Amino acid sequence: MIPWLARRLLWSLLMLVLLMTMVFAIVRLAPGDPLDAGAAESVDARERQLLRERLGLDEPLAGQYVRWVSACLRGDWGLSLRQQRPVADVVGEAVGPTLLLTLTAYLLHLALAVLAAVAMAAYRGRFIDHLVGGAGLVLLSLPGFWLGLMLLLLFARQLGWFPAGGLQSVDAALLPAGARLLDLLRHLALPAATLALGSYMGTARYVRAALDEAMGQEFILAARSRGVSERRLLWRHALPHALLPLITLAGLHLPQLLGGAVVVEVVFGWPGLGRVSVEAIGARDYPVIMATTFLSAVLVTAGSLLADAGYRRADPRVRLTGPGTP
Amino acid sequence: MNELLRLSGLTVGFAGAALPVLRGLDLELAEGEAVALVGASGSGKTLLARAALGLLPPEAWQQGQVNWRGVEARLAPGGWGALRGRGLTWLPQEPLSGLNPLLTVGAQVSEAARQHQGLGHQDALRFTVDLLAELQLPSPMELLYAWPHELSGGMRQRVLLAAALACGPELLIADEPTSNLDTTVQRDLLAVLDRARRARGMALLFITHDHDLVPLVADRCVEISDGRLVERVSGRHAHEGARAPHTVRGAAPRLVPGNAAPALSARALVVRHGAAESVPAVAGVDLDLWPGRSVGLVGESAAGKSSLARALAGHLRPSSGVVSVGCVAAGSDRGAAARAARRRVQMLFQDAGASLNPRQRVGDTLIEAAGAAHPGMVSRLLAEVGLDEALAMRHPHALSGGQRQRVALARCLATDPAVLIADEPTSALDGGTRARVLELLTRVMVTRGLAVLLVTHDLDTALSFCDELLVMHSGLIIERAPAASFALLRHPHSRRLLDCRPAALASTSGWRDAPAAPAPAGGRPFSGCPLAGACPLQNASCFKELPPLAELAPGRWLRCPPASELPPPQFIDTI
Ligand code: SF4
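Values in this document were obtained by computation on a predicted structure and should not be read as measured data.

Basis of the calculations
- Residues numbered from 1 in each chain as written.
- Chains lettered and ligands numbered in written order.
- Predicted model: local features only at pLDDT ≥ 70, side-chain atom pairs only at ≥ 80, totals over all residues.
- Heavy atoms only, no water.
- Helix = DSSP H or I, 4+ residues; strand = E, 2+ residues; numbered from the N terminus.
- Buried < 20%, exposed > 50% of the residue type's maximum accessible area, 1.4 Å probe, protein only.
- Core = buried A, V, L, I, M, F, W, Y, C linked by side-chain atoms within 4.5 Å.
- Pairing = 2+ DSSP bridges.
- Salt bridge = Lys/Arg side-chain N within 4 Å of Asp/Glu carboxyl O.
- Domains from an automatic or database assignment.
- Contact = heavy atoms within 4.5 Å.
- Buried area = accessible area lost by both parts, 1.4 Å probe.
- Near = heavy atom within 4 Å.
- Nonpolar A, V, L, I, M, F, W, Y, C, P; charged D, E, K, R; others polar.
- Axes fitted to C-alpha atoms, helices over the stretch in contact; angles between N-to-C directions.
- Left-handed = near helix turned anticlockwise from the far one by under 90°.

1. Section: unusual backbone geometry
Residue and element names in this part refer to chain B.
Item 1. Of note in this structure, glutamine 136 is not a glycine but carries a positive phi near 60°.
Item 2. Checked against the element boundaries, glutamine 136 lands in the loop between helix H5 (121-134) and helix H6 (140-143).
Item 3. Judged by relative accessible area, glutamine 136 falls into the partly exposed class, the value being 33%.
Item 4. In this structure, serine 139 takes a positive phi of about 35° despite not being glycine.
Item 5. As for its placement among the helices and strands, serine 139 is situated in the loop between H5 and H6.
Item 6. Residue serine 139 is classed as partly exposed on the basis of its relative accessible area, which comes to 40%.

This is how it looks when you write it as structure tokens:
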């Protein structure tokens, strides 16, 4: 287990370094520079040159790269060009909300997927199977922002059950702790539901296929011959076989959800990484763009690392004797 | 006695198939009765079991009735599902796929106890422990939390038996439960099954392809053929005359010609599957194969037979030692001579179907193996293995099991080999087909002067086919003797293998009460005799050093000093 983990960590690190380099290259090679977007009109050529020097934009690329990496490693991500605050602060504030949103959405996504899959498998080939499958496919094919807007219109505007956006109410700081949590959850509900509803069907179809395969195995036949009920066969005997690979799939789903979160955060005004990076891109706020991209990469890598490690813990066969365990 | 299960006019077939597999079959089973159902593979034995359980595969159709205690099963109160478990249940053939790999032993066995005995969680676990102990599983408490993959095949099969018994069934349908087990393990499983059945007064339908097992488990025997049942004589006597001892070899074993050179020889061969410190699968074997002679390599499944066979055939790289074919070292060299030498050693596998390319016609397979197409070569090869020329145009799936094995043999012969290594070539075949394939092998061996190594777990096959027997255990040759008679085998382990053969058990009255075999000491550091600790003849020196393979008499070698000193008759009744 340990040597495996060490190898895996090394790979992840390598990936991140590669990614940092690519981010740097892409951002710097794109046409235009921050001065074009931000202060452009109001600054004359000489001042512009001074600014360039201050930001280090006139150095050769290699030099900029080395400076950037070493500063990043020291925790100094530079100043946000737009907000004139340390990037670490801007991004740091956004990480929490994004994690909260993505993880909540993922839990919801899993619950929906498993319920839908079990329902489809239990009523295989019958009406409920087609109904659940069809509804899921419709949801899957809707664009995320549209689904978000519809939920917003229906539940926030028409019915008024949930707030229309933001992380918390304006007066949240004045509320007692319990009410503050409730307030947060109410704000969380719509964005998380948008993310989960738009994505659960992919997983559900996967789980359903795995369930069908497991239900065809001989151990199911043997358990059935011992009089075990169909419901128990499905939930207790077959479902673990379908859930196990999901742990690994989680490593793939996390990036998807993070990607989806960008749109949802913008629609619901959720102050997360996605919204921060969209704004930063609009303003060519390079330090922020690089930081958010890098942070997303770290999240994705960490997610898939956790997923792999989790799989090895969860499967008794891999845990004890599995291939690849040195 | 009250009738329990009755199948009347049972017809089961598959959509699209021309003929149904079971054709109007009738079977009655009374309370507490043990019936053996014998049939060749593909005769529909398993289909019958699944029809009785109401668990036919979805693509099968069924006519006729299945009655349980006089009521048609599908109309019983609560339906068929309510009968399964308490009424009748099933013991599958394959112990690994029959157990859920993601549930612990305790979870799978106690589930049935909770459901059918109405026990609470704790009581069900206690019940499970007792049951596992009754079936002579070691340390049942720890076993509760063991995963199926941690157990040996024999233990898995007992766990499955425990799960079935936990339902408290009136009828157990055992579907070839021992066909993948070693004979020693098979004996123990049959013994616990028989004892558990008698203690509960449970009825048993024992499905098997092996006539020899019938007297061990059943009072009555029915045979399935052509989709119908043929009643046989009472099980306990069915054995006599059913299997005439018959030697494929013909006369006495062929002797090693005085002046010839061996076709293949191995010296100090060691094979490891893991790291350099791991316990070797083959732990230093010397062996010679002579032209026109066959050597039988027998032993249990973990003895290292297959590893040895693969190393000899060049499919596995030995960790140390040499294999030479006709005086060319073939094992480790890469040169053209070594490659040519390896080509002269061909291997015939148990599963001929899997070793043939499914998309290639038989004729093309043979031409590819020969490396060049000579006119008439394909038909000559097919004729040599007793197949019609017309089969050259067929694909493997259009052949029967016996035909496939013959094609696989023809493919080996296409390279004009000097040595043929056959790894359990007949164990997937039924009695008659098996004998014919062995006869063919003998004929080919004699006419071509082939040196043959037959790897098998079936001592009877080895005795009837081979000139010499090698017995393996823990990667070592423990005994070597002419295959003239089993009486020549003396090693305690060889005797145990002999005594556990179903045919031998049938004539031993107290076989059920003999103690279960002690678990073999696995993975311990290799010093001393591998059997020390589980051997009736052991003495102090057995634990200290590995006894040498010593020559007792010309052609008879034994790796057991205590056994060499005793006269043979004394071993007849030891385990
Ligand atoms: S050497 Fe000793 S332990 Fe080994 S088989 Fe002979 S008597 Fe038994």
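Moving on from the coordinates now.
2. Remarks on the nonpolar core
All names here are of chain B.
Item 1. Val105, Val109, Leu161, Leu172 and Phe206 are the most contacted members of the largest nonpolar core, which totals 49 residues.
Item 2. Going through the elements one at a time, strand S3 (34-38), helix H4 (105-117), H5, helix H7 (153-166), strand S7 (171-175), helix H8 (183-200), strand S8 (203-208) and helix H9 (214-217) are the ones with two or more residues in this core.
Item 3. At eight residues, the largest contribution of residues to this core is made by H7.
Item 4. Formed by 37 residues, the second largest nonpolar core is a distinct cluster that contains Leu29, Val35, Ala49 and Ala60.

3. Overview of the pairing of strand S10 (residues 228-231) of chain B
Residues and elements named next belong to chain B.
Item 1. The sheet contact formed by strand S9 (residues 220-225) and S10 spans four bridges and is antiparallel. When the sheet's bridge partners are listed, isoleucine 224 is paired in S10 with leucine 229.
Item 2. Hairpin connection, S9 to S10: the antiparallel pair is bridged by two residues, and aspartate 226 has positive phi, about 55°.

4. So, the pattern of salt bridges
Residue and element names in this part refer to chain A.
Item 1. In this structure the tally under the stated criterion is 22 salt bridges over all chains.
Item 2. The salt bridge partner of glutamate 93 is arginine 85, with a shortest N-O separation of 3.2 Å.
Item 3. The class of glutamate 93 is exposed, set by a relative accessible area of 51%.
Item 4. Classification of arginine 85 as partly exposed rests on a relative accessible area of 29%.

5. A short note on the domain arrangement of chain A
Residues and elements named next belong to chain A.
Item 1. Split by domain assignment, chain A resolves into domain 1 (2-73) and domain 2 (92-314).
Item 2. Distance between the C-alpha centres of domain 1 and domain 2: 33 Å.
Item 3. At the interface, 18 residues of domain 1 touch 15 residues of domain 2.
Item 4. A combined buried area of about 1600 Å² lies between domain 1 and domain 2, and 75% of that area is made up of carbon and sulfur atoms.

6. Here we look at the site of the ligand
Item 1. Taken together, B:His491, B:Pro492, B:Cys529, B:Leu531, B:Ala532, B:Cys535, B:Leu537, B:Gln538, B:Cys542, B:Pro547, B:Cys560 and B:Pro562 form the complete shell of residues around the ligand.
Item 2. Tallied by class, the residues present in the shell around the ligand amount to ten nonpolar, two polar and no charged.

7. Comments concerning the sheet that holds strand S4 (residues 60-68) of chain B
All names here are of chain B.
Item 1. Ordered in space as S2-S1-S4-S5, the four strands form an open sheet in which the pairing is antiparallel. Of all strands in the sheet, those with a lone pairing partner are strand S2 (22-30) and strand S5 (71-72), marking the two edges.
Item 2. With respect to the sheet, helix H1 (residues 45-53) is in contact with strand S1 (3-14), S2 and S4, its orientation differing from that of S1 by roughly 120°.

8. Observations regarding the packing of helix H7 (residues 144-158) of chain A against helix H10 (residues 230-268) of chain A
All names here are of chain A.
Item 1. Running from N to C, H7 and H10 point in directions that differ by 35°, and their axes come no closer than 9 Å. Crossing hand, H7 versus H10: right-handed. Contacts between H7 and H10 involve Gly144, Phe145, Gly148, Leu149 and Leu152 from the first element and Val263, Val267 and Phe268 from the second.

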